[in-house]
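# Coordinates in review
Residue strings, one per chain:
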Amino acid sequence: MLIQGLVFSESGFAGRGYAVKALFPIFKSHPELVYLDSNATSQKPESVIEVIDRYYRSENANVHRGVYQLSEDATRSFEEARQRIAKYMNAENSEIIFTRGTTEAINIVAQSGAAAFIRPGDEIVLTVCEHHSNIVPWQIVAERHGATIKYIPLTGNRRLDLEVAAKLITDKTRFVSVGHISNVLGVIHPIREIIKLAKAAGAFTMIDGAQGIPHVRVDVKELDCDFYAFSGHKAFGPTGIGVLYGRKALLQAMPPYQGGGDMIEKVTLQGSTWNEVPSKFEAGTPHIEGVIGLGAAIDFLQSISLEKILIHDQKLGNMLVNRLREEFPLVSIMAEPGDDWVGTVTFAHSKIHPHDLAAVCDGEGIAIRAGHHCAQPLMEVLGVTATARVSPGLYNDEEDIERFIKALRKAENLFL
Ligand code: ALA
């Protein structure tokens, strides 16, 4: 059900001063803020902040441990959030593991998955577009277990080359790990095709959904992936909390990632046995308010319609791309817009360093990201050392894009 009062029209969600910005308290404390860095983290709606505040004010207790009412209530809220997230992704409750974020989730799969399944001579297939968090964990385990990493390249229009992917994925491949959406290019990768290739070769599949969950609806059964990871903070939820979905039989076959309380069945001085999944992968007191806040963020996502957010973000991205093409000949855009694109505009300017541009923007109250975006190998493939990135979100409007264009013009006046 759509949030009442939220206006969606041909030009996307209604903007400044209308219902959508009013849902996000940050725009009350910073009324002039133009926030164009949603791929780094999303702003938080009142509904998420409110449940976290309520938890600490009236529900705070440890979970899974207390035999008193407050702890039982906290445990119920915590496990209800797990159920809502599982239902949202079409997974079983026991297949949802809470992590610190996507990075930790990928490290769990790489470390525990490698220990269970990778043998010397095996291959791991990634893509050149990956965030460092979907490269480095695999490099660590490849070295430790004697495996080799191969990378799916890009075609000329900066899309994954599926023909090469079909050749790289063979019966030697043990894991294929691919980002759902590139945090730099904003391109939605053809993960269904890649998962099919991996299945046909008998390889396990891991999807880095850090940019996926905030942009597109994810049904893990329909995707048929083995693992899917995401972070709460990019999807209107809190920082420090994320989810690893894993197929139950695989999670059961994998050794624990960390030891501690709650992940054990029995501990003696001689040795220990493990709890059932998901507890086996959740050592220690969890990020309770993070989980409860993430549950509220998933409710928020469902109340808004991701299809509409995507149309909205594409519209703003297209508007910016057209203006850059028409008015800024020194700008080169890293990925062409298309239906498989979420409106992220990443570009290089031949005379202005992205950090200088970001500093000028900051002076105008505009937040953009500049640098390598935790994707140094992709920067090398693109032939740049750094880029500027504008990543619009639900709370942006055409006026925000206008203000960014003005700031870019100001930067040109200063630096050219
Ligand atoms: N991965 C985040 C980004 O793309 C931090 O900005």
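Summary of the structure given here. The model shown is predicted, which means the values in this text are computed figures rather than measured ones. (Residues numbered from 1 in each chain as written. Predicted model: local features only at pLDDT ≥ 70, side-chain atom pairs only at ≥ 80, totals over all residues. Heavy atoms only, no water.)

The next subject is empty space enclosed by the protein. Applying the stated rule across the entire model yields one cavity of 30 Å³ or more. The computed volume of the largest cavity comes to approximately 100 Å³. Here the residues of the lining of the largest cavity are counted per class, giving six nonpolar, six polar and two charged. (1 Å grid on protein atoms, 1.4 Å probe; cavity = no way out; pocket = protein on both sides within 12 Å on 5 of 7 lines; lining within 4 Å. Points joined across faces, edges and corners; volume = space filled by probe spheres on them. Nonpolar A, V, L, I, M, F, W, Y, C, P; charged D, E, K, R; others polar.)

What follows concerns the nonpolar core. Ile85, Met89, Ile96, Phe98, Leu185, Tyr228 and Phe236 are the most contacted members of the largest nonpolar core, which has 75 residues in total. The greatest single-element share of this core, amounting to 10 residues, is contributed by helix α11 (residues 288-304). Counting 29 residues, the second largest nonpolar core, distinct from the first, contains Leu316, Phe328, Leu357 and Ala358. (Core = buried A, V, L, I, M, F, W, Y, C linked by side-chain atoms within 4.5 Å. Buried < 20%, exposed > 50% of the residue type's maximum accessible area, 1.4 Å probe, protein only. Helix = DSSP H or I, 4+ residues; strand = E, 2+ residues; numbered from the N terminus.)

This structure, assessed with the given rule, holds 13 aromatic pairs. Judged by centre distance (5.6 Å) and plane angle (50°), the ring pair of Phe27 and Tyr395 falls under tilted. A residue pair is termed long-range when its members are at least 10 positions apart, and Phe27 in helix α2 (residues 26-29) and Tyr395 in the loop between β17 (387-390) and α15 (398-415) qualify at 368 residues. Residue Phe27 shares its accessibility class with Tyr395, and that shared class is buried. (Phe/Tyr/Trp six-rings, centres within 6.5 Å; stacked < 30°, edge-to-face > 60°.)

Spatial ordering of the open sheet is given by β13-β14-β17-β16, a layout of four strands whose pairing is antiparallel. What marks the edges here is a single partner per strand, and that holds for β13 (331-333) and β16 (369-371). Looking at each pair of strands side by side, their axes are set apart by 30° on average, direction ignored. As paired strands, strand β14 (residues 345-349) and β17 are joined by three bridges and run antiparallel to one another. Across the sheet, residue Phe347 finds its bridge partner in β17, namely Ala388. Relative to the sheet, helix α12 (residues 306-327) contacts β13, β14 and β17, its axis offset from that of β14 by approximately 20°. (Pairing = 2+ DSSP bridges. Axes fitted to C-alpha atoms, helices over the stretch in contact; angles between N-to-C directions. Contact = heavy atoms within 4.5 Å.)

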